[in-house]
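# Descriptive structure summary
Given next are the chains, with one letter for each unit.
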Amino acid sequence: MADPKTDDGPDGGHSDGEGSWAAERQQLRADLGQRMKLLRQEGGLTLDGAAQRTGLALSTIHKIENGRVSPSYENLVRIARGYGVGMERIFSSEETSGTAKTRMTVTRAGTGSKVRTPAYEYEILCNALSQKRIIPLFARIDRRAPIRPDDMDAHDGEEAILVLSGRVELHVEHYAPVVLAVNDCAYFDSTLKHALRALGEEDASIFWACTHIDLEG
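## Brief notes about helix 2 (residues 47–54)
Because an α-helix packs 3.6 residues into every turn, residues spaced three or four apart end up facing the same way. Considered for burial, the residues of helix 2 that qualify are Gly-49, Ala-50, Ala-51 and Thr-54. Residue Gly-55 follows helix 2 closely and has a positive phi angle near 80 degrees.

## Describing the pattern of salt bridges
One pass over the structure, following the stated rule, counts 8 salt bridges. The salt bridge involving Arg-81 is made with Asp-156; its shortest N-O contact spans 2.1 Å. Remark: Asp-156 occurs in the loop between strand 3 (134–141) and strand 4 (158–165) and Arg-81 occurs in helix 4 (residues 73–83); sequence separation between them is 75 residues. Since its relative accessible area comes to 29%, Arg-81 is described here as partly exposed. Linking Glu-169 and Arg-197 is a salt bridge whose minimum nitrogen-to-oxygen distance equals 2.7 Å. Here Glu-169, found in strand 5 (residues 167–172), pairs with Arg-197, found in strand 8 (residues 194–199); they are 28 residues apart in sequence, far enough to count as distant. Just as Glu-169 is buried, Arg-197 falls in that class too.

## So, unusual backbone geometry
Positioned with a positive phi, His-174 is a non-glycine residue whose angle comes to about 80 degrees. Within the secondary structure, His-174 sits in the loop between strand 5 and strand 6 (178–180). Assessed through its relative accessible area of 68%, His-174 is described here as exposed. The residue Asn-183 is not glycine, and still its phi comes out positive at about 75 degrees. Within the secondary structure, Asn-183 is located in the loop between strand 6 and strand 7 (185–189).

## Topic: the side chain of Arg-197
Classification of Arg-197 as buried rests on a relative accessible area of 14%. Separated by 3.0 Å, the side chain of Arg-197 and the backbone oxygen of Arg-144 make a polar contact. Among the polar contacts made by the side chain of Arg-197, one reaches the side chain of Glu-169 at a distance of 2.7 Å. When residues no more than four places from it in sequence are discounted, the contact partners of Arg-197 are Ile-141, Asp-142, Arg-144, Ala-145, Pro-146, Ile-147, Arg-167, Val-168 and Glu-169.

## Describing the sheet that holds strand 8
Pairing between the strands of a sheet comes from backbone hydrogen bonds, and it takes one of two forms, parallel or antiparallel. Strand order in the open sheet formed by 3 strands is 6-5-8, and the pairing between neighbours is antiparallel. Each edge of the open sheet carries a strand with a single partner, namely strand 6 and strand 8. With strand direction ignored, the average angle separating the axes of adjacent strands in the sheet is 25 degrees. Bridge count for strand 5 against strand 6 is 3 bridges, and the pairing is antiparallel. Looking at the pairing, Val-168 lines up with Leu-180 of strand 6.

Criteria and cut-off values
- Residues numbered from 1 in each chain as written.
- Predicted model: local features only at pLDDT ≥ 70, side-chain atom pairs only at ≥ 80, totals over all residues.
- Heavy atoms only, no water.
- Buried < 20%, exposed > 50% of the residue type's maximum accessible area, 1.4 Å probe, protein only.
- Helix = DSSP H or I, 4+ residues; strand = E, 2+ residues; numbered from the N terminus.
- Salt bridge = Lys/Arg side-chain N within 4 Å of Asp/Glu carboxyl O.
- Polar contact = N/O pair within 3.5 Å; in protein donor to acceptor, adjacent residues only side chain to side chain.
- Contact = heavy atoms within 4.5 Å.
- Pairing = 2+ DSSP bridges.
- Axes fitted to C-alpha atoms, helices over the stretch in contact; angles between N-to-C directions.

Right under this line is the structure:
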């Protein structure tokens, strides 16, 4: 799924900056895996029980917890629903129960919780507010090979994206791909398979808003 230039293989010939990013990406994976494992254990679930609850393979959950793979957003949704937690619990190691009554919060630039998936890096915004109806994200979109059907995910909810820098190619099931430039906005049904990639020489950045998972659904 990932562009070979951003894959996790050896860094031979890469610049120091790219090497630093590879190390940061691995740390993001490790931190996410640690949070996933803690949430599973807090719920009293074995790996087998977690697999049954989420519909994911036991080996996939094990690899995520050990920082060996980056879960897709679809799989993050499935894990949250299976564990009976809000997405903010996955994206932050901070205890959120004490902030449930707060109805306003601010995230300063660059201070959100970061999560790496195969094609995107998310920075989760306003994570101190639990039980949100909207999940606001800042995302860096990777350059990668043309999107194939098996690169696309679907999940419950709706999404809106606003391009902040670069150009983005948006694929949504049943629709022709569309190219979005800076300040262009798109809104779509998340239950349709979808994917994004950056076009041109640089990665792109977007503001991304997703509706919260209905844990009662």
